[in-house]
Amino acid sequence: LATPGYEIHLCDVAEEALNKGFAGIEKSLSRFVKAKHLTEKEAEEVRSRITGFTDMETALREVDLVVEAAPENMELKKQIFHDLDRFTRPDAILATNTSELSVTAIASATTRPERVVGMHWFNPPPVMRLVEIVRGTDTSQETIEMIMQVSEQAGKETVVVKDVQGFVTSRAISAHMLECMRILEEGVASAEDIDKAVRLGLNYPMGPFELADYVGLDTMLFASDGMVEAYGDRFRAPQTLRKLVEAGHLGRKTGKGFYDYTKKPETVSAKK
Ligand SMILES: CCCCCCCCCCCCC[C@H](O)CC(=O)SCCNC(=O)CCNC(=O)[C@H](O)C(C)(C)COP(=O)(O)OP(=O)(O)OC[C@H]1O[C@@H](n2cnc3c(N)ncnc32)[C@H](O)[C@@H]1OP(=O)(O)O
Ligand SMILES: NC(=O)c1ccc[n+]([C@@H]2O[C@H](COP(=O)([O-])OP(=O)(O)OC[C@H]3O[C@@H](n4cnc5c(N)ncnc54)[C@H](O)[C@@H]3O)[C@@H](O)[C@H]2O)c1
C-alpha cells in the first residue's frame with residue numbers, strides 16, 4: 001500500500017517483530033528494483049512512506065484505514081478491534097486480514113460494525129493479484145467500495161464474498177492441501193514427490209507442503225481448526241501437521257516445517 005502512495009503506520013507488539021516486518025518489505029523492494037519494476041529512487045520513496053510503531057495508540061491517531069494482520073485467533077482479534085475502536089477516529093475503516101474467521105464476530109467488538117470489513121490478502125502480498133473482500137452482516141456498501149478502491153490502487157483484482165467461515169479461497173485451498181496431507185500419511189508418496197507432482201502435473205506454482213511452510217504451519221492449523229467448528233471433520237488437520245506445530249516447527253519462519261531450511265537450498269525442496 002506504500003507503493004501506490006499511501007502513508008503507512010506499521011505497528012507490531014515489539015521492536016524485534018517490527019524489524020522482521022521491515023526486513024520483509026526490504027526484501028520485496030530489492031526484488032522489485034532488481035526486476036526493474038521500481039527504480040532505486042521509487043523504492044526509497046516507498047521506504048520513506050512507512051513509519052514503524054510499537055505503541056498502538058500513537059500509531060492509530062488520525063489514520064483512515066487499519067488493516068489488522070495479527071495471529072488467527074478470535075479472542076485476540078476481538079481484543080485488538082476493541083482497542084482499534086477506542087483509538088481511531090470514529091469514521092476510520094477497520095479491516096481484518098483474517099483467513100477464515102467471522103468478520104461479523106470480530107466487528108461485534110466495536111461500536112462501528114458498518115465500518116468493519118474483511119480485506120484478505122495473499123502471500124506474497126506484493127505479487128499475488130487478488131484481495132478477497134468479506135462483507136460482514138452489517139458492513140456498509142460505502143466500506144466495501146472504499147476497500148475495492150484501495151485494493152485497485154495497489155494493483156489488485158477484487159472479489160466481494162459473503163461472511164462464511166473460510167470465505168472462498170481458504171475453503172478451496174484447504175480441501176486441496178488437506179487431501180495432499182492424507183496422501184502423505186497413507187504413504188503413497190513423499191512430501192517432495194507430492195509437491196513435484198502438484199507443481200509439474202497440475203501446474204500449481206507451489207506444491208502443498210512448500211506452500212504450507214511458506215504460509216506458516218501455525219496459521220494453517222488455526223485456520224483448519226476454525227473450519228472444523230463450522231464444517232466438521234472434512235477440514236480436520238491430520239496429526240502430522242499438529243505435531244509439527246506442537247514441536248515449534250512452523251515452516252520458513254522458524255527454519256523448519258515439512259522441509260528443513262537450515263540445510264543447503266538444493267536439499268530443501270524437489271523444486272527445479
Ligand atoms: C499441507 C498442510 C495442510 C494444512 C491444511 C490447513 C488448511 C488451512 C488453509 C488456510 C490457508 C490460509 C492462507 C491465507 O489466508 C491466504 C494465502 O496466502 S494462500 C497462499 C497464496 N499464495 C500462493 O499460492 C503462492 C504460490 N506461489 C507462487 O505464486 C510463486 O511460487 C511465488 C511465491 C510468486 C514465487 O514465484 P516463483 O516463480 O516460484 O519464483 P520467483 O522467485 O521467480 O518469483 C516470481 C516473481 O515474483 C517476485 N517475487 C516473489 N516473491 C516476492 C516477494 N515476496 N516480494 C516481491 N516480489 C516477489 C519475483 O521477484 C519474481 O519477479 P520477476 O522477476 O518475475 O519480475
Ligand atoms: N501467512 C499467510 O500467508 C497469510 C495470508 C493471508 C492472511 N493471513 C492472515 O493474516 C494474519 C496473520 O497471519 P501470519 O501468518 O502473518 O501470522 P504471524 O504469526 O506470522 O504474524 C503475526 C504478526 O502479528 C503480530 N502481533 C501479535 N499480536 C499482536 C497484537 N496484539 N497487535 C499487533 N500485532 C500483533 C506478531 O508480532 C506478528 O508480527 C492471520 O489472520 C492470518 O490468517 C496470513
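Residues numbered from 1 in each chain as written. Chains lettered and ligands numbered in written order. Predicted model: local features only at pLDDT ≥ 70, side-chain atom pairs only at ≥ 80, totals over all residues. Heavy atoms only, no water.

As annotated in an unreviewed UniProt entry, the chain is 3-hydroxybutyryl-CoA dehydrogenase from Marininema mesophilum. The UniProt entry for the chain carries the following comment under Pathway (unreviewed entry): "Lipid metabolism; butanoate metabolism." In its Sequence similarities (unreviewed entry) section, UniProt records this for the chain: "Belongs to the 3-hydroxyacyl-CoA dehydrogenase family." (UniProt positions renumbered as here; feature names shortened; annotations may be inferred.)

## Describing the domain arrangement of the chain
Under the domain assignment used here, the chain contains domain 1 (8-162) and domain 2 (169-267). Roughly 770 Å² of surface becomes buried between domain 1 and domain 2 when both sides are summed, with 57% attributable to carbon and sulfur atoms. When residues of domain 1 are sorted by the area they lose upon contact with domain 2, Glu-72, Glu-100 and Asn-123 head the list and together hold 56% of the total. Our count for the domain 1 to domain 2 interface comes out at zero salt bridges. Summed over the shared surface of domain 1 and domain 2, the result is two residue pairs in polar contact (both at pLDDT 80 or more). Here the side of domain 1 that touches domain 2 is composed, by residue class, of three nonpolar, three polar and three charged. (Domains from an automatic or database assignment. Buried area = accessible area lost by both parts, 1.4 Å probe. Salt bridge = Lys/Arg side-chain N within 4 Å of Asp/Glu carboxyl O. Polar contact = N/O pair within 3.5 Å; in protein donor to acceptor, adjacent residues only side chain to side chain. Nonpolar A, V, L, I, M, F, W, Y, C, P; charged D, E, K, R; others polar.)

## Section: the packing of helix 7 (residues 169-185) against helix 8 (residues 191-201)
Viewed as axis vectors pointing N to C, helix 7 and helix 8 meet at an angle of 140 degrees, and their least axial separation amounts to 10 Å. What the angle tells us is that helix 7 and helix 8 run oblique. Of the two possible hands of crossing, helix 7 and helix 8 adopt the one that is right-handed. Here helix 7 contributes His-176, Cys-180, Ile-183 and Leu-184 to the contact with helix 8, which in turn contributes Ala-191, Ile-194 and Val-198. (Axes fitted to C-alpha atoms, helices over the stretch in contact; angles between N-to-C directions. Helix = DSSP H or I, 4+ residues; strand = E, 2+ residues; numbered from the N terminus. Parallel < 35°, antiparallel > 145°, perpendicular 65-115°, else oblique. Left-handed = near helix turned anticlockwise from the far one by under 90°. Contact = heavy atoms within 4.5 Å.)

## Quick word on the nonpolar core
In this structure, Leu-184, Phe-209, Leu-217, Leu-241 and Phe-258 are the most contacted members of the largest nonpolar core, which totals 20 residues. Contributions of two or more residues to this core are made by helix 7, helix 8, helix 9 (208-215), helix 10 (217-231) and helix 11 (239-246). The contact partners of Leu-241, leaving out residues within four places of it in the chain, are Met-181, Leu-217, Met-220, Leu-221 and Phe-258. Grouped together as the second largest cluster of nonpolar side chains are 18 residues, Leu-60, Met-74, Leu-94 and Ala-107 included. (Core = buried A, V, L, I, M, F, W, Y, C linked by side-chain atoms within 4.5 Å. Buried < 20%, exposed > 50% of the residue type's maximum accessible area, 1.4 Å probe, protein only.)

## Re the side chain of Ser-99
Topologically, Ser-99 is positioned in the loop between strand 4 (93-96) and helix 5 (103-107). For Ser-99, a relative accessible area of 17% corresponds to the buried category. Setting aside its immediate chain neighbours within four residues, Ser-99 contacts Glu-72, His-120, Gly-166, Phe-167 and Ser-170.

## A few points about the site of ligand 2
In the vicinity of ligand 2 there are 19 residues, among which Asp-12, Glu-72, Lys-77, Ser-99 and Thr-219 approach most closely. Within the contact set of ligand 2, an oxygen atom lies 2.6 Å away from a side-chain nitrogen or oxygen of Asp-12. The fraction of the free accessible surface of ligand 2 (830 Å²) that becomes covered by protein chains is 75%. No other element matches helix 4 (residues 74-87), which puts three residues into the shell around ligand 2. Considering only residue class, the shell around ligand 2 consists of nine nonpolar, six polar and four charged. Counting contributing residues, the shell around ligand 2 receives three or more from each of domain 1 (8-162) and domain 2 (169-267). (Near = heavy atom within 4 Å. Areas by Shrake-Rupley, 256 points an atom, 1.4 Å probe, with all protein chains shown as cover.)

## As for the pattern of salt bridges
Per the stated rule, a full pass over the model turns up 18 salt bridges. With its nearest N and O atoms 2.5 Å apart, the salt bridge here joins Glu-68 to Lys-77. The buried category is assigned to Lys-77, whose relative accessible area is 1%. It is possible to trace a salt-bridge network through shared partners that takes in Glu-26, Glu-40, Glu-44 and Arg-47.

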